[in-house]
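# Examining the three-dimensional arrangement
Spelled out from the first residue to the last, the chains are:
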Amino acid sequence: DLIKQTKQQEDDIRRQKKLLEDLQAEVDLFLAAKIAQETFEKKKQAEYEKITQQMEDLQKELATLKEEETNWVAHFKMLASHREKLAREASTAHRQSRETDYDVAMKKLEEDEYKKKLQEMSHKKNQFKTLYEAVKNERSRCVTKIQNRAQ
C-alpha cells in the first residue's frame, strides 16, 4: 500500500510538475504576449505622438500660409487699385493728348487763316502804296504844272 501511495504520489508529483510546466509555459506565453502588446502599444503611442506633433506643425504652417495668403490678397488688392489708378491717369492723359492735338490743329488752322489775311493785307497795302505813289506823282505833276502856268 505504501508503494502504491508512493507511486501515486510520484504520479501526482509528475502530473503537478507537468501542470506546473504547462502553467509556466502559459505564464511565459502570456508574459511574451503582454510584452509584445506593451511594445506594440509603445510603438503606437510613439507613432500617435509623432502624428500629433506633425499635425500641430502642419496646423502652424497652415496658419502661417493663411496669414501669407491674406497678406498677398491685400497686396494684390493694393496693386489692382494702383493699376486702376494708373489706367485712369493714362486715360485722362490720353484724352488730354487728344484735346491738345485738336487744339494744336485748330491753332494751326487759325495761324494759316491769319497768314492768309496777312498776305491779303500785304497785297492790299502794296496796292494802296502803288495807288498812293500814283496819286502822289500825279499831284506832283499837277503842282508842277500849276507852278509853271503861274510863272
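Quantities reported herein were computed from a predicted structural model and do not represent experimental measurements.

## Considerations on the overall build of the chain
Helices and strands together make up the secondary structure of the chain, namely one helix and zero strands. When burial is assessed residue by residue, the chain has 1% of its 151 residues classed as buried. Split by element, the accessible area of the chain, about 14,800 Å² in all, is 58% carbon and sulfur.

## Overview of a nonpolar patch on the surface
Residues Val27, Leu31 and Ile35 make up a contiguous nonpolar surface patch of roughly 270 Å² in combined accessible area. Position of Val27 relative to the elements: it lies in helix H1 (residues 2-150).

## As for the pattern of salt bridges
All told, the structure shown has ten salt bridges when counted by the stated rule. Between Lys85 and Glu89 there is a salt bridge, with the nearest N and O atoms lying 4.0 Å from each other. Residue Lys85 and its partner Glu89 are both found in helix H1; the two are separated by four residues, about one turn of the helix. When its relative accessible area of 42% is taken as the criterion, Lys85 is described as partly exposed. Overall, Glu89 belongs to the partly exposed group, its relative accessible area being 41%. In this structure, Asp112 and Lys108 form a salt bridge, with 3.9 Å as the shortest nitrogen-oxygen distance. With Asp112 and Lys108 both in helix H1 and four residues apart, the pair spans about one turn of that helix. On the basis of relative accessibility, which here comes to 35%, the residue Asp112 falls in the partly exposed class.

## Overview of the environment of Arg83
Within the secondary structure, Arg83 is located in helix H1. Along the chain, Arg83 and Glu69 lie 14 residues apart, while their C-alpha atoms are 20 Å from each other.

## Let's talk about the environment of Leu79
Within the secondary structure, Leu79 is located in helix H1. Here Leu79 falls in the partly exposed class, since its relative accessible area comes to 41%. In the structure, Leu79 is positioned 28 residues away from Ile51 in sequence and 40 Å away in space, judged by C-alpha atoms.

About the thresholds
- Residues numbered from 1 in each chain as written.
- Predicted model: local features only at pLDDT ≥ 70, side-chain atom pairs only at ≥ 80, totals over all residues.
- Heavy atoms only, no water.
- Helix = DSSP H or I, 4+ residues; strand = E, 2+ residues; numbered from the N terminus.
- Buried < 20%, exposed > 50% of the residue type's maximum accessible area, 1.4 Å probe, protein only.
- Areas by Shrake-Rupley, 256 points an atom, 1.4 Å probe, with all protein chains shown as cover.
- Patch = residues over 30% accessible without salt bridge, like charges linked within 9 Å, V, L, I, M, F, W, Y side chains within 5 Å.
- Salt bridge = Lys/Arg side-chain N within 4 Å of Asp/Glu carboxyl O.

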